[in-house]
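A look at the structure
Here's the letter readout for the chains.
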Amino acid sequence: MMRSRVLPTLVRARPTVARAAPTLVRFSSGHAQESFEAFTERYVNFFQSAQDLFEVQRGLNNCFAHDLVPAPSVIEAALRASRRVNDYATAVRVFEGIKEKVENKQQYQAYLEELKGVRDELGISTKEELFSS
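Predicted, not measured: the structure shown is a model, and the values here were computed from it. (Residues numbered from 1 in each chain as written. Predicted model: local features only at pLDDT ≥ 70, side-chain atom pairs only at ≥ 80, totals over all residues. Heavy atoms only, no water.)

1. Let's talk about helix α2 (residues 36-49)
For α2, which comprises 14 residues, the first-to-last C-alpha distance of 20 Å matches the rise-based estimate of 20 Å (1.5 Å per residue) to within 8%. For α2, the set of buried residues is Phe39, Thr40, Tyr43, Val44 and Phe47. Angularly, the buried residues of α2 cover 125° about the axis, an arc narrow enough to put them on a single face. Projecting away from the buried face of α2 at angles above 90 degrees are the exposed residues Glu37, Glu41 and Gln48. Buried residues in α2 make contact with α3 (53-65) and α4 (72-84). (Helix = DSSP H or I, 4+ residues; strand = E, 2+ residues; numbered from the N terminus. Expected span 1.5 Å × (residues − 1). Buried < 20%, exposed > 50% of the residue type's maximum accessible area, 1.4 Å probe, protein only. Arc of directions from axis to C-beta. Contact = heavy atoms within 4.5 Å.)

2. Looking at the pattern of salt bridges
For the structure shown, the criterion picks out seven salt bridges. With its nearest N and O atoms 2.9 Å apart, the salt bridge here joins Glu34 to Arg42. The residue Glu128 makes a salt bridge to Lys99 at a minimum N-O spacing of 2.7 Å. With Glu128 in helix α8 (residues 127-130) and Lys99 in helix α5 (residues 88-101), this pair connects stretches of sequence that are 29 residues apart. Through salt bridges with shared partners, a single network forms among Glu76, Arg80 and Glu121. (Salt bridge = Lys/Arg side-chain N within 4 Å of Asp/Glu carboxyl O.)

3. Notes on the packing of aromatic side chains
In the structure shown here, the tally under the stated rule is four aromatic pairs. For the pair Tyr43 and Phe46, a centre-to-centre distance of 6.4 Å together with 65° between the ring planes defines the contact as edge-to-face. Pair noted here: Tyr43 and Phe46 are both in helix α2, with a separation of three residues, about one helical turn. Relative accessible area serves as the criterion here: at 5%, Tyr43 is assigned to the buried category. Classification of Phe46 by relative accessible area gives partly exposed; the value is 21%. Measuring from ring centre to ring centre gives 5.5 Å for Phe46 and Phe47, while their planes differ by 80°; the resulting arrangement is edge-to-face. Ring-pair connections join several aromatic residues into one group, and the members of that group are Phe39, Tyr43, Phe46 and Phe47. Just above the ring of Phe95 sits the side chain of Arg119; from NZ or CZ to the centre is 5.6 Å. (Phe/Tyr/Trp six-rings, centres within 6.5 Å; stacked < 30°, edge-to-face > 60°. Lys NZ or Arg CZ within 6 Å of the ring centre and 35° of its normal.)

4. Concerning the environment of Gln109
Along the polypeptide, Gln109 turns up in helix α6 (residues 105-114). A C-alpha to C-alpha distance of 9.1 Å links Gln109 and Lys99, two positions 10 residues apart in sequence.

Next up, the structure:
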């Protein structure tokens, strides 16, 4: 008899733990979407201040990793940086990167025409020009 009185008292005396439903949270970086103009300005400034080959190649890797084709001004700054650090091969590979990023041959030709003056000034040939038979 005593047991039946004690058990309900113990059950009632137990502290209740409130269980909250799990909240679903989507973690994000919180970065705003960068405009094409801001992207262009950022990479032009980066390549203008690059002091060694590692910086130039790191900048190119980061620049080409984005889902867009860099503006001709970015490519010009990258070419000048490549020649400034005295790495001709990287300058040639910049054009290989453009060829892979553009959607068609006409766009690639447009980049080549737009950058012809810089290519002539810096003495940079494309891979096709170097290895044409």
